Each structure stands twice: as C-alpha cells, then as structure tokens.
Amino acid sequence: MLNILLSDTTFKNIRDYIYDKSGIYISDTKKYLIENRLSRILLDNNLNSFEDYLKVLKFNSNAHELTRLFDAITTNETFFFREEQQLTTLIDHVLPPLLKNNNRSSKLKIWSAACSTGEEPYTIAMMLMEQRLTTQHFEIHASDISEAVLASAKKAVYNSYSVRNIPDSYLNKYFVSAGDSFNLKSTIKNSVHFRKINLIDEKSMRSIRGFDVIFCRNVLIYFDTKAKQKVVSNLYNSLNPGGYLIIGSSESLHSITRAFRPSIINKVIMYQKV
Ligand SMILES: C[S@@+](CC[C@H](N)C(=O)[O-])C[C@H]1O[C@@H](n2cnc3c(N)ncnc32)[C@H](O)[C@@H]1O
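Computed from a predicted model, the values in this text were never measured in an experiment.

Draft legend 1. Molecular detail of the site of the ligand. Looking at the ligand, there are 24 residues lining it, with T74, T78, A114, S116 and I145 nearest. Its residues assigned to classes, the shell around the ligand comprises 8 nonpolar, 11 polar and 5 charged. Residue-level mapping places the shell around the ligand at the junction of two domains, with at least three residues from each of domain 1 (8-73) and domain 2 (84-273).

See below:
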C-alpha cells in the first residue's frame, strides 16, 4: 500500500476542487478519506505526490480523470426497499391522485436522482408493477455522478446484502438466483433508463425536466448548505407543477428553500412544488 504524505494545504486544495466539481464537501476530520481513496489513483498514474495529482486535475484533467475521481470519492451505500415507508406512501397516497388526473396525457415520470447501483429505481419499478402498472403508464429515469455505480446498476446483479430487505414474494417473482447472486429480471431491468447526471451541474440538469416525482435521497448529506441550495433549486426546475420531491428521512430542506410546500402524508414528509 502507498504511504504518501498528504499535507494539510494540499488536502484543502483537493477538497476545494472536489467541492467545486461535485458539491461534495469533505470536512477537515475526513482527510483520511482523501488519503485512502485517492492513493490508488496516484499509484495507477505513476504519481509520487498528491501535489502532482492536484496539478493533473487542475491543468491536465480530462473526462476520464474526473470520472475516476468521482468514482473514488462518492459513498454509494444503498439497498432495495430502503426507507420503505416513503415508498409505500408514494404508491398508496401520492400516485393515485397523480394518475387520476384527467388532464394527464403523458406517462407518469419518476426520477431517482442519485441512484447509486440501482436498488432505489428498481424497487420503485417493482412496486409500480405490483400495482399492475406497466411502462405504458410510467417512465423511470435514474442517474448518478459515478460511472462505476451506473455500470453496476445496468448489470443489475446483486448480492445477498443488497437484497436483504426485499420481501420474499418480490424476490421470487423478479429475481433469478445464480450461486451467490441475484439477477434482476429484464422486465424490471428494462424499465429504468440510466444516465450520468451531476446534480450540481446546471447544464446537465437543464437536460432533464418534466418529472412528477423526484427521489433525491441520502445524497444532500454530502453537500454543504450552498451546494444543497443549488441542487434543490435545480431539482425544483426539473419538477412539474404539483410534483413531489422526496429526500432521505434523515435529511431536511429547513433553511435550504421555501419554494416547496412540505406536507406530512402517512408520517412521511413530501415536498410539493406549488
Ligand atoms: C448514499 S448513495 C444514495 C443512493 C440512494 N439514493 C439511496 O438512498 O439508497 C449517494 C449517491 O449520490 C451520488 N452523488 C454524490 N454526489 C453527486 C452529485 N453531485 N451528482 C449526482 N450524484 C451524486 C453518489 O455517487 C452516490 O451513488
């Protein structure tokens, strides 16, 4: 393993670079995270110091270098049926009025805006299918900043840890087990459209609009207040009037925005675009 010293000054410069490009804020106490996660990249690039790596990032960076950085610094923990009460509230309380809307001429559009390895959008897809809805009725889009997690999401092969919360009836119906793995069936796999979107990047955010529901769960925690405000404002623009934003149950929009109307449905906070 590499043992290259990361000075406080270079740590702060790399930290600022990451913040600038992704909104992810790494506090002073997490210096070890940069040291641990980036040392592999230094090794692969034959670089002897973090100062040299910073120079590559700043002056000689290309899309590949940025991709590797994002893949390394993001935290991608996720699992199927995470925060299930939010999901059942969506199905039982939020979607019926949206679907009944007589003016609806288009499909219901749902976006999992930091989808990691795909468990969140696939859970939503399975739950919708259980309501006898098909891709004729809905469209699910899913995105992340990390190309590595998107590649894994598209494969849709999971281990027992990821599937630990899936009810048996869903597991039997929508997965095929192969040794230690659980392969998602293509009906669900093909119902989710994956793409790379950086939530802090206004240009790419402008390309994704017109949603009825956006899930942006367990990602705002990695941003500081300024970045949260920017991301939430971008998400607001991507919602249809009357659409809902759903954030993680431990996250809050308090002091971030007053643009949404928060309502408590079935003990779950939903933020509606008014
Ligand atoms: C902890 S996972 C959450 C996954 C899922 N939403 C859930 O709640 O289980 C956070 C995800 O946010 C992604 N992420 C971090 N910064 C991002 C950004 N600026 N734009 C898009 N995705 C980002 C990470 O790559 C990671 O996959």
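Once the structure has been displayed, the description carries forward.
Draft legend 2. How the structure looks around helix 5 (residues 84-100). Relative to the 24 Å expected for 17 residues at 1.5 Å per residue, helix 5 spans 24 Å between its end C-alpha atoms, a close match to the ideal helical length. Maximal helix bending in helix 5 amounts to about 45°, located at V94; proline P96 follows within four positions. Looking only at helix 5, the buried set comprises Q86, T89, L90, V94 and L95. Those residues of helix 5 that are buried lie in contact with strand 7 (211-216), strand 8 (239-247), strand 9 (260-265) and strand 10 (268-273).

Draft legend 3. The arrangement of the sheet that holds strand 1 (residues 108-112) in detail. What the 7 strands build is an open sheet, ordered 6-2-1-7-8-10-9; its pairing is mixed. If you trace the sheet from one side to the other, it starts and ends with strand 6 (192-196) and strand 9, each paired once. Across the sheet, the axes of successive neighbouring strands diverge by a mean angle of 25°, strand direction being ignored. Here strand 7 runs beside strand 8; their pairing, made up of 5 bridges, is parallel.

Draft legend 4. Up close: the nonpolar core. Of all hydrophobic cores here, the largest spans 62 residues; its most connected members are A113, A125, V213, I214, C216, L235 and L245. Looking at which domains feed residues into this core, each of domain 1 (8-73) and domain 2 (84-273) gives three or more. The contacts of L235, once residues within four sequence positions are left out, are A113, I214, C216 and L245.

Draft legend 5. Structural context of the sheet that holds strand 5 (residues 181-184). The 3 strands are arranged 3-5-4 in an open sheet whose pairing can be described as antiparallel. Looking at the sheet topology across the chains shown, the edges are occupied by strand 3 (157-158) and strand 4 (175-178). Pairing of strand 3 with strand 5 involves 2 bridges; the strand directions are antiparallel. When the sheet's bridge partners are listed, Y158 is paired in strand 5 with F182.

Draft legend 6. Region of the structure containing the environment of Y244. As for its position among the elements, Y244 is in strand 8. C-beta crowding within 10 Å serves as the criterion here: with 25 such atoms nearby, Y244 is assigned to the buried category. Separated by 118 residues in the primary sequence, Y244 and M126 place their C-alpha atoms 20 Å from one another. Sequence-distant contacts of Y244, defined by excluding residues within four places in its chain, comprise V94, V213, M270, Y271 and Q272.

Basis of the calculations
- Numbers given to residues run from 1 along each chain, matching the order in which its sequence is written.
- Confidence filtering applies because this is a predicted model: local features only for residues at pLDDT of at least 70, side-chain atom pairs given and counted only at 80 or more, and all residues used for totals across whole chains, interfaces and linings.
- Near residues are defined by distance alone, with the backbone-placed C-beta atom required to lie within 6 Å of the molecule or strand.
- Polar here means any residue outside two lists: the nonpolar Ala, Val, Leu, Ile, Met, Phe, Trp, Tyr, Cys and Pro, and the charged Asp, Glu, Lys and Arg; Gly therefore counts as polar.
- The domain boundaries here were taken from an automatic or database domain assignment.
- Numbered from the N terminus, helices here are DSSP runs of H or I no shorter than four residues, and strands are runs of E no shorter than two.
- Take the number of residues in a helix, subtract one, and multiply by 1.5 Å to get its expected span.
- Throughout, the bend at a residue refers to the angle made by two axes, fitted to the seven residues ending there and to the seven starting there.
- Neighbour counting defines burial: a residue surrounded by 20 or more other C-beta atoms within 10 Å of its own C-beta is buried, one with 12 or fewer is exposed, and intermediate counts give partly exposed, using backbone-placed C-beta atoms.
- Two residues form a contact once the distance between their C-beta atoms, set from the backbone, is within 7 Å.
- In this description, strands pair whenever DSSP reports at least two bridges between them.
- Lines fitted to C-alpha atoms define the axes, with helix axes restricted to the stretch in contact, and inter-axis angles between N-to-C directions lie between 0 and 180 degrees.
- Each nonpolar core reported here comprises buried Ala, Val, Leu, Ile, Met, Phe, Trp, Tyr and Cys residues connected via C-beta atoms within 7 Å.

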